[in-house]
Amino acid sequence: MSTPEPAETPVLLQPDEGITQPVSTMKVGIGYQTALFLGQFGLFVALMAPVMVSMQLKASQLNPENPAALIGAVLPVGALGALFANPLVGALSDRTRTRWGRRRPWMVSGVVLFLVALVWIAFAPDQLQLTFAWLLAQVAANATLATLTASFADNVPQFQRGRSSSIIALAQNIAILAGTYLSVFFVTNLPVLFIAPGVLAVALILVYCFVARDDLPTYRLKKFTWVNLVSSFWTNPIKNPDFGFAWWSRFLIIFATFMFTTYRLLYMQDHLGITNAQDATAAVAFGVLLYTIVLMVAAAVSGWLSDRFRRRKVFVGGSTALFAVGLVVLAHADSVGTFYVAEVIMGIAYGIYSAVDTALVVDVLPNADRPGKDLGVINIANALPQSLAPAAALWLLQVGSPDAQNYTLMLWGAGAAAVLGALAVIPIKRVR
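Residues numbered from 1 in each chain as written. Predicted model: local features only at pLDDT ≥ 70, side-chain atom pairs only at ≥ 80, totals over all residues. Heavy atoms only, no water.

Caption draft 1: Representation of a nonpolar patch on the surface within the structure. Together, Val419, Leu420, Leu423 and Ile426 give the surface a local cluster of nonpolar side chains, amounting to about 370 Å² of exposed area. Take valine 419: it is sitting in helix α14 (residues 407-425). Judged by its relative accessible area of 39%, valine 419 falls in the partly exposed class. (Patch = residues over 30% accessible without salt bridge, like charges linked within 9 Å, V, L, I, M, F, W, Y side chains within 5 Å. Areas by Shrake-Rupley, 256 points an atom, 1.4 Å probe, with all protein chains shown as cover. Salt bridge = Lys/Arg side-chain N within 4 Å of Asp/Glu carboxyl O. Helix = DSSP H or I, 4+ residues; strand = E, 2+ residues; numbered from the N terminus. Buried < 20%, exposed > 50% of the residue type's maximum accessible area, 1.4 Å probe, protein only.)

Below you can see the structure in the form of structure tokens.
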């Protein structure tokens, strides 16, 4: 791991008891950036592969008559677990003081519990057990994610956040691609499809924990109270309007994304008519490949440009609007070729968005010395849409279609949500 180099003058913030605590201004090197990529990749290949493909295959196994109904029932319950775990564990990690640091204990225990949950999912014999197993998986994975994101804020100074944010974007989306192709090879072996990514997640999170700094702050903690615990789920948007607008922008783009991706495989089968599960899975995998290739290029370039020009809003708002265009193309697609075109449009858009949005969010944190709590609140905007979007999409799918196949209306609804997400960026004032 390369030795950190001093950068700009430290910024002083007010911690719990009024003692100033410097925000990290130490430049991170290639060692940390590599570990950041690996940690994010490992966690997301295990977390997103079920959402993208393997959970749909599991649903088809347990309920071949109506897998969409099972998906719409199971995924929202898990997302509710994520909704509570993310801010709670983020806030608790801010208060944690151990010889191993304040983030590491939560990351390690969370990812190990996540692996246990994935084993349970793989062998769940019915919808009830699948629901509880997915709930546990989401709680554990989001406990890991909350502290991994807080560790990013602890380690990376402002002038490197655009580029480092793009590393996160690349890792997460390459992980989705890897998980999707894993499903092609193991479409008939669900235990391997769920468990192998979990083992990888444990290994790579351990690598990150070994490399990343996890220094303990020197400020005194407030006495623990239940009021403080409940406040973990809330950051006042009136006092912190930029934070509030960033939250809504994140919520709406994730909502739009999950309206489609939750039903992507079923879209291929029902809307485009690819009835064979293996052929549909292969088409989805190739679409995700195209998506990921253009995303990688867009993320790498936009993160660098964002740091260079010191601009965040134009990248985040413009890319969210472009994502809406891709969803509308999907709404009117009548061939696999058009589906691929839409994937390219959305890949460019989401590459730009994901490369810069994390940097924007960290830039507008109300308490940069205690990022776990506020990033946990931001991550509610990641988790809550995963709970609401499948149900909202299913409702739109059922409008005028007893078989729940009104994909045109559903995708237009997702596009409208993305446009609102783009508009939410405009009022933000603390960043340009």
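Caption draft 2: Spotlight on the environment of alanine 150. Here alanine 150 shows up in helix α4 (residues 127-155). Alanine 150 sits in the buried class, given a relative accessible area of 0%. As a C-alpha pair, alanine 150 and leucine 375 span 225 residues in sequence and 6.7 Å in three-dimensional space.

Caption draft 3: Quick look at helix α10 (residues 277-309). When the terminal C-alpha atoms of α10 are compared, their 46 Å separation across 33 residues agrees well with the 48 Å that a helix rising 1.5 Å per residue should span. Once α10 finishes, arginine 310 follows within two positions and takes phi at roughly 55°, a positive value. (Expected span 1.5 Å × (residues − 1).)

Caption draft 4: Spatial organisation of the nonpolar core. Judged by nonpolar contacts, the single largest core of 132 residues is most densely connected at Phe114, Ile121, Tyr267, Met268, Leu327 and Leu330. Each residue touching phenylalanine 114, except ones within four places of it in the same chain, is listed here: Leu43, Ala46, Leu47, Ala137, Ala140 and Ala141. (Core = buried A, V, L, I, M, F, W, Y, C linked by side-chain atoms within 4.5 Å. Contact = heavy atoms within 4.5 Å.)

Caption draft 5: Spotlight on the confidence of the model for the protein chain. Taken over all residues, the pLDDT of the protein chain has a mean of 81, while the share at 70 or more is 86%. Strand β2 (residues 12-13) is the least confidently modelled element of the protein chain, averaging 31 in pLDDT, while helix α3 (residues 104-123) averages 93, the highest of any element. Between residues 1-24, whose pLDDT stays under 50, and residues either more than four places distant or in other chains, the model counts 60 contacts. (pLDDT = per-residue confidence, 0-100.)

Caption draft 6: Main features of the packing of aromatic side chains. Enumeration according to the criterion identifies 13 aromatic pairs in this entry. Taking 5.9 Å as the distance between ring centres and 20° as the angle between the ring planes, the aromatic pair formed by phenylalanine 251 and phenylalanine 255 counts as stacked. With phenylalanine 251 and phenylalanine 255 both in helix α8 (residues 241-261), this residue pair falls 4 residues apart, about one helical turn. Here the two residues phenylalanine 251 and phenylalanine 255 agree in accessibility, since each one is buried. A centroid spacing of 6.2 Å and a plane angle of 35° characterise the contact between tyrosine 267 and phenylalanine 339, whose relative ring orientation is tilted. With tyrosine 267 in helix α9 (residues 264-270) and phenylalanine 339 in helix α12 (residues 336-363), this pair connects stretches of sequence that are 72 residues apart. A relative accessible area of 0% places tyrosine 267 in the buried class. Ring pairs connect the aromatic residues Phe260, Tyr267, Phe286, Phe339, Tyr340 and Tyr407, which therefore count as one cluster. (Phe/Tyr/Trp six-rings, centres within 6.5 Å; stacked < 30°, edge-to-face > 60°.)

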